Amino acid sequence: AATPDLIGSMLTIVATSSLLLAIVQGPEWGWLSYPLLGLMVFFVVTILALVRHTMSHNDPIMPPILFTIRTFRIASIAVFLFSLGFLSTFVALVLFLTGIWGYSALEAGFAITGLPVMAVITANVAGRLAERFGFKATIVPGCAAFTCGALWLWAFMGPQPDPLWALFPATIMMGIGIGAAPAILNGAGVAAVEPGYFSVAGAVGQTARQLGTAIGVAILVAIIGNPSDLASSLDAFDQAFLYLAIVTGLAGITAMGLRTER
């Protein structure tokens, strides 16, 4: 049996942790402070060590051969980019609704139910659409729907509660994107992989999703920060919603590189 790549696993954890710490502490420490620059140097060195280790290990945590497969490579990048904005959306909306509109936690949860409801409805048909029209034909519109929802939030979410116009349409669009994009991206990622690498390819895809989620939430926290007044809070959330639109839009652009096969 192959020896587990414990060193590769540890390097991945250390690199990710240092990057997350730098992102979260950046606003407090200062983006050009010595501690933060030191963390970034440490992150780069750790990534280089991981790459070198991966190239020399008999059974590395991320087999280099997988990244020679175009579909796997593009899908993994798109999954990472979409995940930067996926779960961060729930965090941003709950913080906005409770902090700006004054909703209780229960009211905030009820107000965003359009997201999971539409995700479930869309997910039930997205697989069939991908089988018929191909991965790209489902993923790209899904990413576009999510991006449009984030831009809707950026354009219309203001200081006065307006759930029917400012919030509800955005949750519907973003829910459609969640149902159409992530799961189909996972399928696209393993579609062209040899059977012997199927499980590890799926694991790498899930790792890309988890890393994207962790980094995305860290970036969101850095953007929102701890504003001192309503005006600065609204400006911070505007930047957060625009960030969600940018990263998911980039995911859609990346997914356009997928081939059209079913």
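This text goes with the structure placed above it.
Bear in mind that the values here come from a model prediction, so they are computed numbers and not experimental data.

Reading the values: the criteria
- Residues numbered from 1 in each chain as written.
- Predicted model: local features only at pLDDT ≥ 70, side-chain atom pairs only at ≥ 80, totals over all residues.
- Heavy atoms only, no water.
- Core = buried A, V, L, I, M, F, W, Y, C linked by side-chain atoms within 4.5 Å.
- Buried < 20%, exposed > 50% of the residue type's maximum accessible area, 1.4 Å probe, protein only.
- Helix = DSSP H or I, 4+ residues; strand = E, 2+ residues; numbered from the N terminus.
- Contact = heavy atoms within 4.5 Å.
- Axes fitted to C-alpha atoms, helices over the stretch in contact; angles between N-to-C directions.
- Parallel < 35°, antiparallel > 145°, perpendicular 65-115°, else oblique.
- Left-handed = near helix turned anticlockwise from the far one by under 90°.
- Nonpolar A, V, L, I, M, F, W, Y, C, P; charged D, E, K, R; others polar.
- Patch = residues over 30% accessible without salt bridge, like charges linked within 9 Å, V, L, I, M, F, W, Y side chains within 5 Å.
- Areas by Shrake-Rupley, 256 points an atom, 1.4 Å probe, with all protein chains shown as cover.
- Salt bridge = Lys/Arg side-chain N within 4 Å of Asp/Glu carboxyl O.
- Expected span 1.5 Å × (residues − 1).
- Bend = angle between axes of the 7 residues up to and from the residue.

A.B. asks: Give me the lowdown on the nonpolar core, citing residues and values where you can.
C.D. replies: The biggest cluster of nonpolar side chains holds 59 residues, and the ones touching the most others in it are Phe 96, Leu 97, Trp 101, Ile 139, Met 157 and Phe 241. The dominant element in this core, judged by the number of residues it contributes, is helix H3 (residues 70–99), at 12 residues. Contacts of Met 157, omitting those with residues within four sequence positions, involve Phe 96, Leu 97, Trp 101, Trp 152, Ala 166, Leu 167, Asp 238 and Phe 241. Core analysis: the next-biggest nonpolar cluster, separate from the first, contains six residues, Leu 66, Phe 72, Val 190 and Ala 201 among them.

A.B. asks: Could you give me a rundown of the environment of Gln 160, with the residues and numbers involved?
C.D. replies: Within the secondary structure layout, Gln 160 lies in the loop between helix H6 (135–156) and helix H7 (163–180). For the pair Gln 160 and Arg 259, spaced 99 residues apart in sequence, the C-alpha to C-alpha distance is 45 Å.

A.B. asks: Residue-level account of the packing of H3 against helix H8 (residues 182–191), with values.
C.D. replies: When two helices pack together, their arrangement is given by the angle between the helix axes and by the axis-to-axis distance. Relative to each other, H3 and H8 sit at 155°, their axes nearing to 8 Å. Regarding the angle of H3 to H8, the classification is roughly antiparallel. Crossing of H3 against H8: the hand is left-handed. Seen from H3, the contacting residues are Thr 71, Phe 72, Ala 75, Ala 78, Val 79 and Phe 82; seen from H8, they are Pro 182, Leu 185, Asn 186, Ala 188 and Gly 189. Tallied by class, the residues present in the contact of H3 with H8 amount to eight nonpolar, three polar and no charged.

A.B. asks: Residue-level account of a nonpolar patch on the surface, with values.
C.D. replies: Taken together, the side chains of Leu 151, Trp 154, Leu 242, Ile 246, Leu 250 and Ile 253 define a hydrophobic patch exposed on the protein surface, amounting to about 530 Å² of accessible area. Those elements that provide at least two residues to the nonpolar patch are H6 and helix H10 (230–255). If you tally residues by element for the nonpolar patch, the top one is H10, at four residues.

A.B. asks: Can you break down helix H1 (residues 6–29) residue by residue, with the values?
C.D. replies: With 24 residues, H1 ought to run about 34 Å at 1.5 Å a step, and its terminal C-alpha atoms sit 32 Å apart, in line with that. The largest bend in H1 amounts to roughly 35° and is located at Ile 23, with the proline Pro 27 lying one to four residues further along. If you check which residues of H1 are buried, you get Gly 8, Leu 11, Thr 12, Ala 15, Thr 16, Ser 18, Leu 19, Ala 22, Ile 23, Gln 25 and Gly 26. Lining the buried residues of H1 we find helix H2 (34–56) and helix H9 (198–224). The first or second residue beyond H1 is Gly 30, which carries a positive phi of 100°.

Scope: geometric values only; no functional claims are made or implied.
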